[in-house]
Amino acid sequence: MKTAILTIVLFCIMIFPHELGHFLAAKKMGVQVNEFWIGMGPTLLKHEHKGTLYCLKLLPFGGACVMEGEDGE
């Protein structure tokens with residue numbers, strides 16, 4: 001059980017800086033970030049600021065930084 005909890009914590013520690021790197025690089029290059037979230041599944045918290053929707057989701061695996069133009073249109 002301890003190993004499972006530590007694994008989840010390590011995923012969280014690794015995912016946030018990874019996605020934050022995408023976010024900061026996009027902002028520095030002038031690309032609009034539409035959504036930034038950490039986790040997967042149902043949304044626990046959300047906040048919109050300057051055209052970006054920030055979300056914290058239930059399951060601590062994964063995350064995303066959705067930039068303008070990534071929707072295929």
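This one's a predicted model, so the numbers in the text were calculated from it and none came from an experiment.

A. How the structure looks around the packing of aromatic side chains. Applying the stated rule across the entire model yields four aromatic pairs. The interplanar angle of 55 degrees and the centroid separation of 5.3 Å between the aromatic rings of Phe23 and Phe36 together place this pair among those described as tilted. Linking Phe23 in helix α1 (residues 2–28) with Phe36 in strand β1 (residues 33–49), this pair joins segments that are 13 residues apart in sequence. Accessibility classification places Phe23 together with Phe36 in one group, the buried group. Aromatic rings pair up to connect Phe23, Phe36 and Tyr54 into one cluster. Over the ring of Trp37 we find Lys57; its NZ or CZ atom is 5.0 Å from the centre of that ring.

What counts as what
- Residues numbered from 1 in each chain as written.
- Predicted model: local features only at pLDDT ≥ 70, side-chain atom pairs only at ≥ 80, totals over all residues.
- Heavy atoms only, no water.
- Phe/Tyr/Trp six-rings, centres within 6.5 Å; stacked < 30°, edge-to-face > 60°.
- Helix = DSSP H or I, 4+ residues; strand = E, 2+ residues; numbered from the N terminus.
- Buried < 20%, exposed > 50% of the residue type's maximum accessible area, 1.4 Å probe, protein only.
- Lys NZ or Arg CZ within 6 Å of the ring centre and 35° of its normal.

By themselves, these are just geometric observations and shouldn't be taken as functional.
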